[in-house]
Every structure is written in structure tokens, then in C-alpha cells.
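# Residue-level structural notes
This is what each chain is made of:
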Amino acid sequence: MAPNRIDNDVKALARYFNLKNCKCKFDKKSGVTQLVHNGQTVCGLASIASFLVQNSEQPSLHGGSCHMTKAQIQQWLQYRVTIVDRCLNEKDVTTVLKELNSFLESRVYFVTSSLTVADLVLYFGLFATFNQLTLQEKEKYLHLSRWFNNVQRVAKLEEFYPILPFSLNYLYEGVSEH
Amino acid sequence: MKLFTDKGNQHSLKILVAAELAGISLEIEHVDSAAIVVPFLKRNVLPVLEVETNEYLFSANAITRYILATVGKDSEDITVSTWLEWESTDLQAALSSYLPVLYGGGKADSQKLQPHLSKLDNSLGGAQFIVQDQLSAADVCLFAALYPLYANSKSCFENFSNLNAWFTKLHAEPPFGASVAKVTEGKGSSSLKASILAQPLVNTLPVARSVSNEKGKSSKDKENSTTEEVVAKEFSLEEVRAAKETFLTGKKVAPKPVQRNHPLLPRKDAKNVLITSALPYVNNIPHLGNIVGCVLSADVFSRFCRIRNYNVLYICGTDEYGTATETKALEEGLTPQQICDKYFKLHDHVYRWFNIDCDHFGRTTTPQQTKIAQDIFWGLHKEKHLLEQKVEQLKCEDCDRFLADRFVEGTCPLCNYDDARGDQCDKCGKLINATDLKNPRCKICNRTPVVKSSDHLFLDLPRLESRLQSFLDKSTTEGDWTSNAKMITSSWIRDGLKPRCITRDLKWGTPVPLEPYTDKVFYVWFDAPIGYPSITANYTPDWEKWWKNPDEVQLYQFMAKDNVPFHSVVFPCSLLGCGEKWTLVNHLIATEYLNYEDSKFSKSRGVGVFGNHAEQTGIPADIWRFYLLFIRPESQDSYFNWDDFVLKNNSELLNNLGNFINRGLMFLEKNFGGLVQELKLEQLDCQLLAAVSQELKQYVSLLEKVRIKEALRHVLNISRLGNQHIQVTQPWVLVKGSPEEKSRAGTVTSLCVNISCLLSVMLHPYMPDTSKTIQEQLNASADVNVLTGDFVCYLEPGHKIGTPKPLFAKIEQAQADQLRNQYAGKND
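Owing to the predicted nature of the structure, the values given are computational and were not obtained by experimental measurement.

What counts, and where the lines are drawn
Residues numbered from 1 in each chain as written. Chains lettered and ligands numbered in written order. Predicted model: local features only at pLDDT ≥ 70, side-chain atom pairs only at ≥ 80, totals over all residues. Heavy atoms only, no water. Helix = DSSP H or I, 4+ residues; strand = E, 2+ residues; numbered from the N terminus. Buried < 20%, exposed > 50% of the residue type's maximum accessible area, 1.4 Å probe, protein only. Contact = heavy atoms within 4.5 Å. Areas by Shrake-Rupley, 256 points an atom, 1.4 Å probe, with all protein chains shown as cover. Phe/Tyr/Trp six-rings, centres within 6.5 Å; stacked < 30°, edge-to-face > 60°. Lys NZ or Arg CZ within 6 Å of the ring centre and 35° of its normal. Buried area = accessible area lost by both parts, 1.4 Å probe. Salt bridge = Lys/Arg side-chain N within 4 Å of Asp/Glu carboxyl O. Polar contact = N/O pair within 3.5 Å; in protein donor to acceptor, adjacent residues only side chain to side chain. Nonpolar A, V, L, I, M, F, W, Y, C, P; charged D, E, K, R; others polar. Pairing = 2+ DSSP bridges. Axes fitted to C-alpha atoms, helices over the stretch in contact; angles between N-to-C directions. Parallel < 35°, antiparallel > 145°, perpendicular 65-115°, else oblique. Left-handed = near helix turned anticlockwise from the far one by under 90°. Arc of directions from axis to C-beta.

Turning our eyes to something else, we now look at the overall build of chain B. A count of helical and extended segments in chain B gives 29 helices and 20 strands. Looking at chain B as a whole, 58% of its 828 residues are labelled buried. In chain B, the proportion of contacts linking residues at least 24 apart, taken out of those at least 6 apart, comes to 77%. Counting only carbon and sulfur atoms, one obtains 49% of the accessible surface of chain B, whose full area is about 34400 Å².

Right, dumping it as C-alpha cells:
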């Protein structure tokens, strides 16, 4: 999971939220992607995502004004930048997939029961990994795959990434989750 | 609300301060630093706040803001977010490696923290708070993050006056002071040590950061961005040195490819590899599953063995005797021989189209088959391994024939499956006798057949069991048998070997030479594997040098899992018992099943891609080979999926592999007149050489063990590494610069062109046409087609390449949709 994906994701998010008068740039000195909007500069993917959702016309992706919801969104955005984006090897990736799969066992979306910016940001962060998985591996992380397949269709993300294929039937016997 | 934390965990300080500021009392539970509190997290992450039963927050920063928010004290200012994000990414990454050294008593390099402290210091100016002159979560979290530094040495911020002032002022505030006391329990910095040393290291980002999108890419760059970057691993100096040395000097000592002169016979000075693929039954039009499991897998391995300079013979052909052919002949009004001639051509054509390069693709209906089968039979007869028995068989009075197994269907006596065939139940896989079926029916006329008795010959497997077991013990431990092959074989033996009938009342088959059985033929499963040596006998009269030479020949047999018992038990027993020393299978490679989309291949229902359908789609054979091998069903069934097919073509072949090779060649042609430049290798290049060498070695060692699917991944890894190298070095910028920069661009490009040459060889077993095309575009000599496991520079400075052209074409989703519909069969 490589660093320059962050630049792509920021640009994609800005397009997705359709925020006018904003520009994305990569600040070489600090090594951080920045969003500039009406003179204000926001640094870092998680903050930019929060900023975009606050200022866009899609408040539903905000998750609502409940404190717990806000905290959960912050938490998952942080998870993206500190854990997902920093996997150095296969083992790290597998740990992430297992954790998220486990979390989503009883949930449709990451926060509340509708799509929020946390789902979007994690989708972007996981795309590259999912693109590499075989259908059998996807079945191993059943809940995470269900979530991924749902988000990629519901959030209308075809403009950003191709729709990945998922099998709708169990094909592999004895697939345990661990 | 309950806070779980280990004692002295500095991150919990944030939360305690927030609680104090909010006037909320928190229940605190102390746990071990390795405890996993949150059920779904696979690592230990402390502190954790249980907000309500089973509702957790595991991000300390998020918890801090949450607590402040509950009393309206969390700021909406986005700057708070950016500071917390910086804290959790940059600052913690630096502290995570610094603090354990500091607290562990080592010599910590405080220079590492300078930029971070400096940034804070500058940002503060003289302000009392970080954001908008008001206490916020930013102050709380940054204070807590830095606290361990202060606890260790109160003068740690002495070079940063603003920071120092900010910190000490906060520290003096009651909420902060009280929280510090709670965390340290009044014991100062030593209380933090245990937790700090137990906390897992935070991963940091790799230093080499590639620049985002190249110029000129449109916003529809999504497909290019799916090219996944492999994070560069650091190789040891020795590995790098060795890779560089081999690369630069290896060409002189590289062996040349061995010429393939027919007829191929075992040689004393070479590794002799005999490869067979299960003989496809002539009447059945092959589908993709049949192809990948048998002929294609064997083809990949045999091509690999050839570029390893082993002495390889790859034998395959059609299995032609048996009732199905007889029946089909009646249906079509032809003789069985004519049917076989007709369908043999079809098989031959399909496999040629798929580039299956057998040394000989033959047939079982030859005089050699009769001779060899009868010789084996006589051998078994002489050694007394045959039994004579009356057999009750099902005879269909209306059709006036004894029904062979495939012409009886009924209910399986063991598992109650309704559609069991006469010799093997499709569902439970157990071998049965047709007479055991419940509710049998003649497949042709659906009448219930009657039981009549007839004399037959049986191979006495139990008598040969101990010899078989010794052979299997040796072969399965010394050779590479796939695990399903071993399991199926051992479960067969565990079930208890019984004598197997080897004769049938049919006309179309190898005649039994013993009176009074001369009106009968050999049962197909006794007869068919004898096809391997007999087809070889049609190739060369010296066939016994391969087949009766176990000391000098290694036999690899490829098949799908349902054929395993016949190759691991019945055939070896026939050979072990006939009194001669035969070459027996050393490595049995069995695949699982390939399914099609969400169901199974079915000729009758028109579901799936059969015979020459693949050719008709216009998609080149190499692309089919690639995808089938990418999804080769090794440890589990897998299935063919059109969407995935398109995706793999477009992402792996087009954007990864094709893109890397093409851009290197185009660049060399455009900027350097197509001439390979001098290679002045720098550190980054040598790291790449080491990485490519490692992938190559893994590829070779995997294919030696016939791990076909895994080895392919390493080919794609190499082109990924190549793409990444180009992204980082940016030769398109360098080439416009100074002469040194231009020369650097020349080195990088020439290195990539050599990697492309290596890739063409590694690709040969999988995609032979593409391999050839790449070598033509490289103008590489045929001598490069040898794999020693070393990455060698074949294209030296001054070598002129050919004409680059794109290797692969994009498959549009629309075409895939249309093809999927075409082969989806009738709706049920």
C-alpha cells in the first residue's frame, strides 16, 4: 500500500464531494498532501476528508451530529492513515484484512448504518489490495468483501476505480476466516 | 464509560486530561499491556474506551475529542484535525522508535525529534494554545504525546522557547497535573517505562516516495493507478554486490540452449524428464477446465524444463477406446475408427491453437497399444496376478448389449445421489459396480436392464498391495506429489483394495489375448494409461529407454483429481506385477476442478467455453493461457469469471507487464536511437538488481516444484518493480537535462530493456507467443532462452533493438458482457 495513493485519493475525494474553488497539491517539504480552499490550507488525508464532508453538499456522509458517530469517523479515518497506509509487508496486510473483516461481521457500514466518509476513505485505501486478491481470498474475508462490493456500487465510484468482481455464491469449502 | 489501559501508558494521559476538563469521572480498569480488549482487533491497542457495552473507541485522539464534545468543549476548527493527524502519523512514528531507546537506557538520537519539535515551536509563536488561542484537543493530545520526553528530562525543550513555555504552563494547570499524577502514580518517569517498552512499533513510511501522476495523464487515470507498487525491501550489501556482479559478467559463462532433436531419448549427461498429461477422451469436446488441468499445466512445466536445459519428452494424445465411441458411432452412422479420426482432429486443432507443444500428440488406437497392453497382460498372467471370476452385469435386452458402466445410471448405493454413473459416483467419487446401483436404467433407452452373468478377468490388487505401498512410500516422499493426490491415494488404500475387473464385453477396444476371453476387450481404465508408453512407441521405437528406465528418468504425470486413483494405484500395480522394471510415476500433479461463472461447464446445456470457442472470440491464445494459469485450481476448485478475465488482462497484462516492457523499449528507440546505452549502475539500480534476482530465484524454485500459479506472480512482481523504478528515476525528465542526466536516463532505460529480456524468458512457459514477440522487438538472440536462476545482462551496450509495439490490447467490458451472454447457455 503505497504512499502516493494518498495524492490520488485526495484528488478523487475532492471530485467526489464536488467542492468548488479547491486545489490539491503535494507539499514536497513536509511530505504531505494539501487541499487549498478559499485561502485555507488543510493538510493530511484524514483532515481533508473531514473538511470536504463538512463543507460539501453531501452532509449525509457526515454521519450525523451525534458525538459518538463523529468520534468513530475520526477513529476510522485515523485507522486509514496510520494502519492501512503503512502496511510494509503481506503480514501487515493480512492483519488489516482480518481485523476489518471481524469488525464488519455484524455491520453494514463502518459507522452507523449508512454510508459515511469513513467507508469512502477506507474503500480507496483498500482498493489496491482488493484488486490483487483472488476470488478465493475475497471469500476468505467474507464480511469485508461484502462491504467492499456494497460500497463500490452504492457510492457510485465507477468514475474513480473499476468495479471489482465478487462471487455471490460460496465456492470454497472449508474456508475458515482465519 | 470505562477506560481500559495498562499502567503508565502515556496515551491514556490525553483521555484523563479530557475527562478532568469535562468534569467527567471515568471508571478505569488496568489491564496487561498485551491484552486485547477490543474483540475484532488482532493487535493490542491501548488505551480503549468502552462507551457502552461492546461499543468501543480505540483511537486515543478520537476518545479525547469525544469526551470534550460531550460537554461542548470540542472545537470544530479543522486545524485541530490536522494537528491530531500530524500527531498520530508523523510525531508518533518518530516517538515510537525514540522512546523505547530513551527509556530502555540506550543512547537515543534526539536529532530525530528536532524537526517535529521545531515545527511545533514555530507554529506556537508565543501563543498559549495551538489553535486559535483556545484550549482544544490539539493541546491535550500533543501535551500527552510529548509528556514522556518531559518526564525523562525537564530540560528537553530548552532549545524551543515557545514550546517550552506552552508545555510548562499546561503542566501547571490542575487538570493536567492531576492526570499526570494518576498516570504516573506519583512515581515519575519510571512508571512509564514498562508501557513504552511494550508498545508495538509504529510502521513508518518508506523514504523513497514516488511522485504522483505523470504529466499528460487524464483524469481517467484510474486504471493506471491500479498498478500496484511493491514497497522496496532493503537488501544486504552482499546480496546487492552479488547481483551486480552476476548481471555484469554472467553472459560469458551463461550456457546456450540445448537443441531439440527428435527423436528425444534419455541422455547420461542430462536430467531426463518424461512428462505426460492425462489423455483426453476423444469423444468429449475439451473445455477450459480440462485444458488447464491437463495439457496446459503439463505444457507450462515442459517448456520450463526445456529452458532449464533438461532433456524433456512431453507425451499426450487422445484416449479412443471404449463404449462412448461405439455408441457415438452408431448415432452418427460411422465406424468407431471414423469417429475417432474426426474427433482426434478437433482435439489436435484446439491444443495447437493453445500452443500446447507436445513432442508427440498421438492416439491409443494403434498396433503398438495392442502389443504393449497384451505384453503387460501376459506378464501379469505369468506372475499370477490375475483372477477369473463370474461377473454379474447389467444387460439391456432391448438394446441387446451388455451395458458398460457409462451407459448405466442410477442411484448411488453409498450416498443416494440420483445421477450416479455405472463405475464412479459423480457426487461422492467412490468407485462402484454398475450392478450395485439402485434403480438402474439403460442410458440409451431408459429401460431397466437385467442382470446376466459373464466371465471376466480381475487384477488382484490386494496381492500387489505391499509392493504398491513400498513404491508409494518412496515416490510420495521423494517426489513432488500434490497434496490432493496423496490424500486421494491414501484414502483409496485405506478403504481396502479389492480386485478390479479389467475386461469388458465390448467390440471397440484392445482385444484380450487369453482364451476363452478373446471375444472381450480390456477395460478402459486398465488400457488407457498404457496409452502413454504406446504413444511414445509411435514416436520412437526406442520407447523403452524412457519407459523401462526408472534409474535415469523422472516421470511427471499431470491430471485432474478424478484421475488420480488410476494413475497412483491401478496403473502402477499393473506395471509392478508384470515382471519387468518400468518407469513409475515420481511426481503426480493433480488439479482441482475449474468451474464456470457461477456454475459448471455443461456441453449439453451450452454453458461454458468449449473446444474452439476460445479461438472464435478473437482473444489470443496467450491471454487465455495467462488467465487460466493465474486461476489454476491448485488447492481448491476455482472458477472462470469473465469480469475477472477482463480485469486481469487490463490490469496485469496491459497496465503492468505490457506497459513496463513497451515504455522501456519506446523510450530507448525515441531517445537513444534504439541502442542499448552504457550501464553506469547506481545504488538504486543495484537494489533493483537484487530485488529482481530474488524474484527470479523464487520463480525457479517454485516451478521446479511445479507450483505453476505462484511462480507466475513473481513474473508480475518483476515488471511492477520495473515500473516503480521508472517512476522514481523519471528518465523523461533526465533526458532533457545535462549530459550526465541524459546518460543516467540511458542507464535506467537500458537496465529496463534487459529486465524485459529476462521477463521474455520467464514468460515463455506461460505465454510462448508473447515471449517470442518480445524477443523480436528486443532483437534478442535465441540464446537468451535459458534459465539458470541468475539475472544476466544479455543486451549489452551497442546492441540495437527491433521495433517496439504494444504487446497487449485492452478488452472492453462490452465485449466481455457479450461473450458472457454467448456462453451462458439457456436460462433455466
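A word on the overall build of chain A. Scanning chain A from terminus to terminus reveals seven helices and three strands. Counting helices and strands in the order they occur from the N terminus, chain A gives α-β-β-β-α-α-α-α-α-α. The buried share among the 178 residues of chain A stands at 57%. Long-range contacts, defined here as pairs at least 24 residues apart, represent 65% of the contacts in chain A between residues at least 6 apart. By element, 50% of the accessible surface of chain A is carried by carbon and sulfur atoms, the whole surface being about 7200 Å².

What follows deals with the packing of aromatic side chains. Residues and elements named next belong to chain B. Evaluation of the coordinates by the stated rule reveals 62 aromatic pairs over all chains. For the cation-ring pair, R504 lies above Y523, with the distance from its terminal atom to the ring centre recorded as 3.9 Å. Positioned over the ring face of F610 is K603, at 5.1 Å from the centre of the ring.

Here L46 of chain B and P47 of chain B are connected by a cis peptide whose omega angle stands at 0 degrees. Note on placement: P47 of chain B falls in the loop between β2 (27-30) and β3 (48-52). Note that the residue after H262 of chain B, namely P263 of chain B, is joined by a cis bond; omega there is -5 degrees. Looking at where P263 of chain B falls in the secondary structure, it is placed in the loop between α10 (237-253) and β5 (272-277). The phi dihedral of N38 of chain A is positive, around 45 degrees, even though this residue is not glycine. Here N38 of chain A is to be found in the loop between β2 (32-37) and β3 (40-43). In this structure N38 of chain A comes out as exposed when scored by relative accessible area, which is 57%. The phi torsion at T112 of chain A lies on the positive side, around 55 degrees, for a residue other than glycine. By secondary structure assignment, the location of T112 of chain A is in the loop between α4 (90-103) and α5 (117-132). For T112 of chain A, a relative accessible area of 37% puts it in the partly exposed group.

Residue-level contacts link 56 residues of chain B with 67 residues of chain A. A combined buried area of about 5600 Å² lies between chain B and chain A, and 53% of that area is made up of carbon and sulfur atoms. Where chain B packs against chain A, one counts one salt bridge. Of the charged contacts, one joins E76 of chain B and K70 of chain A as a salt bridge, the two residues approaching to 3.0 Å between their closest N and O atoms. On inspection of chain B and its partner chain A, the count reaches twelve residue pairs in polar contact (both at pLDDT 80 or more). Counting only elements with at least two residues in the side of chain B that touches chain A, the list comes to β4 (55-57), α2 (60-70), α3 (78-103), α9 (222-225), β20 (638-640), α23 (642-672) and α25 (708-729) of chain B. Per-class residue counts for the side of chain B that touches chain A are 17 nonpolar, 20 polar and 19 charged.

A word on the sheet that holds strand β9 (residues 401-402) of chain B. All names here are of chain B. One open sheet accounts for four strands, arranged β9-β8-β13-β14; its pairing is antiparallel. Each edge of the open sheet is held by one strand with a lone partner, namely β9 and β14 (500-501). Pairing of strand β13 (residues 450-459) with β14 involves two bridges; the strand directions are antiparallel. Note on β14: the bridge partner recorded for F458 is C501.

Residues and elements named next belong to chain B. In the structure shown here, the tally under the stated rule is 51 salt bridges over all chains. The partner of K561 in a salt bridge is D637, with the nearest N and O atoms 3.7 Å apart. Of this pair, K561 sits in the loop between β17 (553-560) and α20 (564-577) while D637 is found in the loop between α22 (621-630) and β20, placing the two residues 76 residues apart along the sequence. The burial state of K561 is the same as that of D637; both residues are buried. Each of R260, R306, D357 and D359 takes part in one network of salt bridges that share partners.

All names here are of chain B. The contact between α3 and helix α5 (residues 137-152) brings their axes to 10 Å, and the two run at 10 degrees. The orientation of α3 relative to α5 falls into the category roughly parallel. Classified by chirality, the crossing of α5 by α3 is left-handed. Taken together, the residues of α5 that come into contact with α3 (itself represented by V80, W83, L84, W86, E87, L91, Q92, L95, Y98, L99, L102 and Y103) are A137, A138, C141, L142, A145, L146, P148, L149, A151 and N152.

Take the environment of V258 of chain B next. All names here are of chain B. Mapped onto the secondary structure, V258 falls in the loop between α10 and β5. It is 9.1 Å that separates the C-alpha atoms of V258 and R308, two residues lying 50 residues apart in sequence. With sequence-adjacent residues up to four places away left out, V258 is seen in contact with R267 and N309.

Residues and elements named next belong to chain B. When helix α8 (residues 190-198) is considered as a whole, its buried residues turn out to be S191, L192, S195 and I196. The buried residues of α8 occupy an angular sector of 115 degrees when the element is viewed end-on, so they sit on one face. Looking at α8, the residues exposed on the side facing more than 90 degrees away from the buried face are S190 and A194. Residues of α8 that are buried sit in contact with α3, α5 and α7 (174-184).

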